[in-house]
Amino acid sequence: MSILENKTKDALAADIWFDADMMHIRLIDGREIGIPLEWFPKLRDASDEKRMKWRLIGKGTGIHWEELDEDISVSALL
(Lines give C-alpha, C1' and ligand atoms only; values in the text may rest on other atoms or scores of the structure.)
Protein backbone atom coordinates (compact mmCIF):
# COMPACT_ATOMS: atom_id res chain seq x y z
CA MET A 1 0.00 0.00 0.00
CA SER A 2 1.37 3.43 -0.90
CA ILE A 3 1.56 6.44 1.41
CA LEU A 4 -1.01 8.23 -0.76
CA GLU A 5 -3.51 5.42 -0.23
CA ASN A 6 -3.15 5.84 3.55
CA LYS A 7 -3.66 9.61 3.36
CA THR A 8 -6.81 9.34 1.23
CA LYS A 9 -8.28 6.42 3.17
CA ASP A 10 -7.91 8.28 6.45
CA ALA A 11 -9.12 11.65 5.13
CA LEU A 12 -11.97 12.91 7.30
CA ALA A 13 -13.70 16.27 6.89
CA ALA A 14 -14.00 18.62 9.85
CA ASP A 15 -15.45 21.77 8.25
CA ILE A 16 -16.78 23.01 4.91
CA TRP A 17 -17.17 26.53 3.56
CA PHE A 18 -17.71 28.18 0.19
CA ASP A 19 -16.60 31.23 -1.74
CA ALA A 20 -17.90 32.38 -5.12
CA ASP A 21 -16.25 29.61 -7.15
CA MET A 22 -14.93 27.01 -4.74
CA MET A 23 -15.90 24.60 -1.99
CA HIS A 24 -13.26 24.39 0.75
CA ILE A 25 -12.87 21.44 3.08
CA ARG A 26 -10.72 21.36 6.22
CA LEU A 27 -9.67 17.85 7.15
CA ILE A 28 -9.23 16.69 10.73
CA ASP A 29 -5.46 16.46 10.20
CA GLY A 30 -5.31 20.17 9.32
CA ARG A 31 -5.05 19.90 5.54
CA GLU A 32 -7.37 22.10 3.48
CA ILE A 33 -8.54 21.38 -0.03
CA GLY A 34 -10.39 23.57 -2.50
CA ILE A 35 -12.63 22.12 -5.18
CA PRO A 36 -14.23 24.05 -8.06
CA LEU A 37 -18.01 24.29 -7.72
CA GLU A 38 -18.12 23.68 -11.47
CA TRP A 39 -17.48 20.00 -10.68
CA PHE A 40 -20.77 19.80 -8.77
CA PRO A 41 -23.64 21.44 -10.69
CA LYS A 42 -26.16 20.93 -7.86
CA LEU A 43 -23.93 22.86 -5.46
CA ARG A 44 -22.94 25.44 -8.08
CA ASP A 45 -26.57 26.25 -8.84
CA ALA A 46 -27.79 26.15 -5.22
CA SER A 47 -28.36 29.19 -3.05
CA ASP A 48 -25.81 29.99 -0.33
CA GLU A 49 -28.43 29.00 2.23
CA LYS A 50 -28.89 25.53 0.72
CA ARG A 51 -25.14 25.00 0.31
CA MET A 52 -24.64 25.61 4.01
CA LYS A 53 -27.17 22.93 4.99
CA TRP A 54 -24.60 20.13 4.87
CA ARG A 55 -23.81 17.41 7.36
CA LEU A 56 -20.90 15.06 7.71
CA ILE A 57 -21.64 11.39 7.17
CA GLY A 58 -19.57 8.36 8.11
CA LYS A 59 -17.71 10.29 10.82
CA GLY A 60 -16.41 12.71 8.17
CA THR A 61 -15.75 10.34 5.28
CA GLY A 62 -18.46 12.11 3.30
CA ILE A 63 -20.61 15.22 3.06
CA HIS A 64 -24.38 15.14 2.51
CA TRP A 65 -26.85 17.81 1.42
CA GLU A 66 -30.38 16.53 2.07
CA GLU A 67 -32.24 19.29 0.19
CA LEU A 68 -29.95 19.00 -2.84
CA ASP A 69 -29.76 15.17 -2.84
CA GLU A 70 -25.96 15.42 -3.09
CA ASP A 71 -23.30 13.24 -1.45
CA ILE A 72 -19.55 13.70 -1.83
CA SER A 73 -16.83 11.33 -0.65
CA VAL A 74 -13.82 13.16 0.81
CA SER A 75 -11.33 10.50 -0.31
CA ALA A 76 -12.65 10.74 -3.90
CA LEU A 77 -11.74 14.45 -3.91
CA LEU A 78 -8.14 13.65 -3.02
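Details of the structure are given in the entry above.
1. Re the pattern of salt bridges
For the structure shown, the criterion picks out eight salt bridges. The salt bridge partner of aspartate 45 is arginine 44, with a shortest N-O separation of 2.9 Å. When its relative accessible area of 57% is taken as the criterion, aspartate 45 is described as exposed. Judged by its relative accessible area of 30%, arginine 44 is partly exposed. Note that arginine 51 is salt-bridged to aspartate 48, the shortest N-O span being 3.3 Å. Note that arginine 51 and aspartate 48 are positioned in helix α3 (residues 48-51) at a spacing of three residues, about one turn of the helix. The buried category is assigned to arginine 51, whose relative accessible area is 7%. For aspartate 48, a relative accessible area of 58% gives the class exposed. Taken together, the shared-partner salt bridges connect Asp15, Arg26 and Glu32 into one network.

2. Side note on the sheet that holds strand β5 (residues 62-65)
Pairing is antiparallel across the open sheet formed by three strands, whose spatial order is β4-β5-β6. Among the strands making up the open sheet, the edge pair consists of β4 (54-57) and β6 (70-73). When strand polarity is set aside, the average angle formed by the axes of neighbouring strands in this sheet is 25°.

Cut-offs and rules
- Residues numbered from 1 in each chain as written.
- Predicted model: local features only at pLDDT ≥ 70, side-chain atom pairs only at ≥ 80, totals over all residues.
- Heavy atoms only, no water.
- Salt bridge = Lys/Arg side-chain N within 4 Å of Asp/Glu carboxyl O.
- Buried < 20%, exposed > 50% of the residue type's maximum accessible area, 1.4 Å probe, protein only.
- Helix = DSSP H or I, 4+ residues; strand = E, 2+ residues; numbered from the N terminus.
- Pairing = 2+ DSSP bridges.
- Axes fitted to C-alpha atoms, helices over the stretch in contact; angles between N-to-C directions.

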